[in-house]
Structure formats: C-alpha cells, structure tokens
Amino acid sequence: NYKQIVLAAGVGVAQFVAFYLLLTYMPTYLSEELGFQRWEAFLSLGIATMFLMIAIPFAGILSDQIGRRPTLILATIMFLILTYPSFLIISQGTFFSAVLGQVLLAIPASATAANQLAAQSEMFPTRIRYTAYAIGMNVGVALFGGTAPFIATYLISITGNDLAPSFYLMFAAGLSLITALVMKETAKAPLRDV
C-alpha cells in the first residue's frame, strides 16, 4: 500500500501547511513581520478560528454529498486563488485586514480539514487502515506542516518579501491538488475489509 501512503501524505500537504501557518505561525507573523500588537494578532486569529470551526461541519456535509475528491480539488484550487490575496490583505496592517485575510484562508482550510482525514483513512483496507493512515499523515505533517513556520520565516529572510509565506502555501496546495486529481473517490464506496 505504498502508493496509498504517498497519496495520503500528499493529499494532506495543503491542510498541514495551512494549519501550521494559520494557527501556529500567524500570531508571530503578524507581530514580528507586520508590527501588530500581540493581542491584536491573537484576537484576529481567534476570530478567524471561530469562523473555521463553524465552517468545518458545512464543508463536511459538502464532502459527504459531492465526494471527498471534488471537495479536496475545490479546496486546493481555492488555496491557489485566495492565498496570495489573503496575505496581501493581511499585510495592509489593520486589525480588520488581518481578520479578513485570515478568514479568507479559513474557507479552503475548513474544506480540507473537514474531509482530508476521511479521505486519507478511506484509502486503506480495514486490517491496515490505522497504521497506513498514521504513516502517511505523520510523514506529511513532519515534512511539510511542522516545518512550515521555519520555511515561512526563511523565505521572508532570503527574499525580504513579507508575502513569501503565501508562496509556500500555494506550493503545498499545488502538491495536494495533483494528489487529489490522482486519488480515487471514496465517499460512497464501502469500507474495505480486505
């Protein structure tokens, strides 16, 4: 099941990077790179996170209705379209712009968060599902997600461009899009006991 393990890692790359950039790195980005007060950084993130939590169940319903694959394809395309404008909006330096930019990023993040775990676990037969899923997901998180704050900081330092983290998220979305295009639809398929 090596192919499915690679697919499980690849389909999650956009979510892993988005999670670590939005929920872990964003307060540092706002305060260190853009000069926001710490309370503004955390409050704006809190508002965006509330939006994310409210949107996830609706994205999950969409995933159950139209399928995992189409939802992931749509979400990764949205990341490709919205990421740079979101960071551009955030960089305007106002509290409202920080909230708006993060909420825009939360839209595709909710769609990936809502169905990525189901899509990944449904790729594997029951007898190896937990182990294979865990390997695929954790390799993806370790390589792409956990390193996202470091890579974002590094990209800013070598380019001098405060918008450089957006390019990493767009790169991650591109990898996940390719994977989503290759993966099989699993939403309506019975779970395999093989």
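Here the structure is a predicted model, which is why all the values come from computation and not from measurement.

Caption draft 1: View of the packing of helix H1 (residues 2–33) against helix H3 (residues 68–90). Contact geometry for H1 and H3: axes closest at 11 Å, N-to-C directions at 20°. Judged on the interaxial angle alone, H3 and H1 are roughly parallel. Classified by chirality, the crossing of H3 by H1 is left-handed. Side by side, H1 and H3 meet where Val11, Ala14, Ala18, Met26, Tyr29 and Leu30 of the first sit next to Leu72, Thr76, Phe79, Phe87 and Ile90 of the second. Looking at the contact of H1 with H3 residue by residue, the class counts come to 10 nonpolar, one polar and no charged.

Caption draft 2: Quick peek at helix H7 (residues 164–182). A rise of 1.5 Å per residue sets the reference length of H7, with its 19 residues, at 27 Å; its end C-alpha atoms lie 28 Å apart and thus fit the reference within 8%. Burial in H7 covers these residues: Ala164, Pro165, Ser166, Tyr168, Leu169, Ala172, Ala173, Gly174, Ser176, Leu177, Thr179 and Ala180. In this structure, the buried side of H7 is in contact with H1, H3, helix H4 (95–121), helix H5 (129–145) and helix H6 (148–159).

Caption draft 3: Looking closely at a nonpolar patch on the surface. Taken together, the side chains of Trp39, Leu43, Ile47, Met50 and Met53 define a hydrophobic patch exposed on the protein surface, amounting to about 520 Å² of accessible area. In this structure, Met53 sits in helix H2 (residues 38–66).

Caption draft 4: View of the packing of H1 against H2. With their axes 8 Å apart at the nearest point, H1 and H2 run at an angle of 150° to one another. The angle between H1 and H2 falls in the class roughly antiparallel. The handedness of the crossing between H1 and H2 is right-handed. Counting all contacts with H1, which are made through Leu22, Leu23, Pro27, Thr28, Leu30 and Ser31, the residues of H2 involved are Arg38, Ala41, Phe42, Ser44, Leu45, Thr49 and Leu52.

Caption draft 5: Quick peek at the side chain of Ser44. Within the secondary structure layout, Ser44 lies in helix H2. Here Ser44 is in contact with Leu30, Phe95, Ala98, Val99 and Gln102, once residues within four sequence places are set aside.

Caption draft 6: Just the packing of aromatic side chains, in detail. All told, the structure shown has six aromatic pairs when counted by the stated rule. With a centroid separation of 5.8 Å and an interplanar angle of 40°, the aromatic rings of Tyr25 and Tyr29 are classed as tilted. Taken together, the residues span about one helical turn, with Tyr25 and Tyr29 both in helix H1 at a distance of four residues. Tyr29 carries the same exposure label as Tyr25, and that label is buried. Measuring from ring centre to ring centre gives 5.8 Å for Tyr84 and Phe167, while their planes differ by 20°; the resulting arrangement is stacked. Placement of the pair is Tyr84 in helix H3 and Phe167 in helix H7, with a sequence separation of 83 residues. In this structure Tyr84 comes out as partly exposed when scored by relative accessible area, which is 32%. Using a relative accessible area of 41% as the deciding quantity, one classes Phe167 as partly exposed. Three or more aromatic residues joined by ring pairs make a cluster, and in this case those are Tyr25, Tyr29 and Phe87.

Each value, and the rule that gives it
Residues numbered from 1 in each chain as written. Predicted model: local features only at pLDDT ≥ 70, side-chain atom pairs only at ≥ 80, totals over all residues. Heavy atoms only, no water. Axes fitted to C-alpha atoms, helices over the stretch in contact; angles between N-to-C directions. Helix = DSSP H or I, 4+ residues; strand = E, 2+ residues; numbered from the N terminus. Parallel < 35°, antiparallel > 145°, perpendicular 65-115°, else oblique. Left-handed = near helix turned anticlockwise from the far one by under 90°. Contact = heavy atoms within 4.5 Å. Nonpolar A, V, L, I, M, F, W, Y, C, P; charged D, E, K, R; others polar. Expected span 1.5 Å × (residues − 1). Buried < 20%, exposed > 50% of the residue type's maximum accessible area, 1.4 Å probe, protein only. Patch = residues over 30% accessible without salt bridge, like charges linked within 9 Å, V, L, I, M, F, W, Y side chains within 5 Å. Areas by Shrake-Rupley, 256 points an atom, 1.4 Å probe, with all protein chains shown as cover. Salt bridge = Lys/Arg side-chain N within 4 Å of Asp/Glu carboxyl O. Phe/Tyr/Trp six-rings, centres within 6.5 Å; stacked < 30°, edge-to-face > 60°.

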